[in-house]
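Structure at a glance
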Amino acid sequence: MQFSASLVWFRRDLRPFDHAALHHALATSRVVYCGFIFDNAILASLPRNDRRVAFIHRSVAALDRELGALGGCLLVRQGDAAEALPRLAAELGVEAVFTNEDYEPYAIARDTAVAQALHADGRRFLSYKDQVVFDGNEVLTQGGKPFSVFTPYKKAWLRRLDAEPWSVDLLDTAVNAARLATRPAGHRLPSLEDTGFRADAPLPAGLVPGPEGAAQAFDRFLDRIGDYAQARDFPALEGTSGLSVHLRFGTTSVRHLVRSARELIARGIGVEGARSWLSELIWREFYQAILLHHPQVVGHAFKPAYDAIRWETGPEADALFAAWCEGRTGYPLVDAAMAQLNQTGFMHNRLRMVTASFLTKDLGIDWRRGERYFALQLNDYELASNNGGWQWAASTGCDAQPWFRIFNPVTQSERFDPDGQFIRRYLPALRALDAKQIHAPWTARTPVGDYPERIVVHEEARQKTLERYDAIKQQGPGQA
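Residues numbered from 1 in each chain as written. Predicted model: local features only at pLDDT ≥ 70, side-chain atom pairs only at ≥ 80, totals over all residues. Heavy atoms only, no water.

Points about the overall build of the protein
- Counting secondary structure elements, the protein contains 19 helices and five strands.
- Taken over C-alpha atoms, the radius of gyration comes to 24 Å for the protein, in line with the 23 Å a tight globule of 480 residues would show.
- Considered along the principal axes of its C-alpha atoms, the protein spans approximately 75 × 50 × 50 Å.
- Burial status across the protein gives 56% buried among its 480 residues.
- In the protein, of all internal contacts separated by at least 6 residues, the share reaching a separation of at least 24 is 78%.
- By element, 52% of the accessible surface of the protein is carried by carbon and sulfur atoms, the whole surface being about 20,600 Å².
- Computed over 55 positive and 57 negative side-chain charges, the separation of the two mean positions in the protein equals 2 Å. (Helix = DSSP H or I, 4+ residues; strand = E, 2+ residues; numbered from the N terminus. Rg over C-alpha atoms; globule rule 2.2 N^0.38 Å. Buried < 20%, exposed > 50% of the residue type's maximum accessible area, 1.4 Å probe, protein only. Contact = heavy atoms within 4.5 Å. Areas by Shrake-Rupley, 256 points an atom, 1.4 Å probe, with all protein chains shown as cover. Lys, Arg positive; Asp, Glu negative; His and termini not counted. Charge placed at Lys NZ, Arg CZ, Asp CG, Glu CD.)

So, in structure tokens, the structure goes:
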């Protein structure tokens, strides 16, 4: 089908490179407009200095520049997307709107409303797979059902990619770029203040927005990808890819990342690290599939029996939760991790597991409270991965760790920050402690400045957690 004019609606795919919807629009339309909506339904509840909105705003500006280099531009509006997008389509007189699929419950409902409004006006709504290599309906068991355990899902995902290597082929957008609508007179992007947010909203040092920032981060990571399998667990090192926020907002292409990993493996370069990193990309798609097939995980345990866990509540629990949020637990690795999150909007993946385990299994506090706090703070917040990670740590989710496996915050610290380098970076009060005492400052012979006493004794908390989960297990076979 050919269209005289179409509109590409950018959302969490802020790049022109290897972009599915843009590729298909350019291939089937004489003129292609590009648009972005600052969606008030999402923005209304966020703090006015939200780091992620600052990142999005600067990435939108970068996308406009890159489209400009191709001969086009980005038309930016603000409002309820379900109303603003059809209005923009009518203003431009397009026959079709092209966009990339989003699998979160709000996005599905929004896109349904947009599609209905467009169809009522006689316009087409066409969506394409872009933020994943395989969506939740493409990797299924032999019985045609969704997977609920990661390892068999990963094996099936890799088998499908081996059988369909074209799934990660480049979707070229440059070849038909001459069809992009030219920049109209007076074109300007709204400022961050125009969108209702503070102009001085911070970005963490070193985080460069937009496709250029994603490319820089990827180039740096390729230089050390061979060490990834080991280095990724040590928060003091630059061991992770640094690409999670770029994946979240689509300033890079997941197809490009998977292509690159497979090419490295095929060439025998950094094979162990590339395979480990590819596995993490598959984890992301696994959690997307879980959310698609089990939307009830938003607010409920994947395993229904675990909704009956009796979490700690009341003023004392609230005080413990506040201490966790503010990094005042008395356990240095936990506190340093929370300081990193609060100061930068980033938390190392190993530390996400440690802090989540501490909240749920040392403090006995409902995982949903921690999930909401991370959702507010993380630059790379993604509903599916955040929910999946918290339910994994709380042993309420799919493919969960056994409920009786409880991270010891001291041994985790000794193993993954052995010299206390990461702890010292974020907890200056502990810098004078030696490499042994820094993991458990209550063992120091002299008081440690104003660093707080531990708010719970891990060994005692562990026993309470075993009892808490055992009560669920005793409900009977198949209940937990």
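Moving on from the coordinates now.
Considering the pattern of salt bridges
- Tallied over the entire structure, the rule returns 28 salt bridges.
- Notably, a salt bridge pairs Asp-50 with Arg-52, separated by 2.8 Å at the nearest N-O pair.
- According to the relative accessible area criterion, Arg-52 is buried, its value standing at 9%.
- Arg-160 is the partner of Glu-138 in a salt bridge, and the nearest nitrogen-oxygen pair spans 3.9 Å. With Glu-138 in the loop between strand 5 (124-128) and helix 6 (150-163) and Arg-160 in helix 6, this pair connects stretches of sequence that are 22 residues apart.
- Salt bridges here are not isolated pairs; linked through shared partners, they connect Arg-15, Asp-18, Asp-130, Arg-255 and Arg-259. (Salt bridge = Lys/Arg side-chain N within 4 Å of Asp/Glu carboxyl O.)

With respect to helix 15 (residues 367-377)
- Burial analysis of helix 15 places eight of its eleven residues in the buried class, the great majority of the element.
- All of the buried residues along helix 15 are Trp-367, Arg-368, Gly-370, Glu-371, Tyr-373, Phe-374, Ala-375 and Gln-377.
- Here the buried face of helix 15 lies against helix 3 (51-69), helix 12 (315-325), helix 13 (332-344), helix 14 (349-362) and helix 16 (383-394).

Some thoughts on the sheet that holds strand 1 (residues 3-10)
- Read across the open sheet, the five strands follow the order 3-2-1-4-5; overall the sheet is parallel. Strands at the two margins of the open sheet, each flanked by one partner only, are strand 3 (75-79) and strand 5. The average undirected angle you get between the axes of adjacent strands in this sheet is 30°.
- Bridge count for strand 2 (residues 29-39) against strand 3 is five bridges, and the pairing is parallel. Each bridged residue has a counterpart across the sheet, and for Phe-38 the counterpart in strand 3 is Gln-78.
- Contacts from helix 5 (residues 105-120) reach strand 1, strand 2, strand 4 (96-100) and strand 5 within the one sheet, and its direction differs from that of strand 5 by about 150°. (Pairing = 2+ DSSP bridges. Axes fitted to C-alpha atoms, helices over the stretch in contact; angles between N-to-C directions.)

A look at the environment of Val-31
- Its location among the elements puts Val-31 in strand 2.
- Those residues in contact with Val-31, other than ones at most four positions away along the chain, are Ser-4, Ala-5, Ser-6, Arg-179 and Ala-181.

Quick look at unusual backbone geometry
- The residue Asp-18 is not glycine, and still its phi comes out positive at about 50°.
- Along the polypeptide, Asp-18 turns up in the loop between strand 1 and helix 1 (20-28).

Points about the pairing of strand 4
- Across the five residues of strand 4, five count as buried, placing the element largely inside the fold.
- Alternating positions in strand 4 separate into two faces, Ala-96, Phe-98 and Asn-100 on one and Val-97 and Thr-99 on the other, with burial throughout.
- By the bridge criterion, four bridges tie strand 1 to strand 4 in an arrangement that is parallel. Paired with Ser-6 across the two strands is Ala-96, which belongs to strand 4.
- Relative to strand 5, strand 4 runs parallel, the two being bridged by five bridges. In the strand pairing of strand 5, Phe-98 is matched with Leu-126.
- With helix 5 bridging strand 4 and its parallel neighbour strand 5, the resulting β-α-β unit is right-handed. (Right-handed = clockwise from strand over helix to strand, strands pointing away.)

Quick look at the side chain of Asp-50
- Positionally, Asp-50 belongs in the loop between helix 2 (40-43) and helix 3.
- In this structure the side chain of Asp-50 is engaged in a polar contact, spanning 3.3 Å, whose partner is the backbone nitrogen of Val-53.
- Beyond its immediate stretch of four places on either side in the chain, Asp-50 contacts Phe-197, Ala-201 and Leu-376. (Polar contact = N/O pair within 3.5 Å; in protein donor to acceptor, adjacent residues only side chain to side chain.)

What to know about the pairing of strand 1
- Most of strand 1 sits inside the fold, with seven of its eight residues counted as buried.
- Bridge analysis of strand 1 against strand 2 gives seven bridges, and the strand direction is parallel. Following the sheet pairing, Phe-10 is matched in strand 2 by Phe-36.
- Regarding the hand of the β-α-β motif, the stretch spanning strand 1, helix 1 and strand 2 is right-handed.

Note that every value here comes from positions in space, so none of it alone points to a role or purpose.
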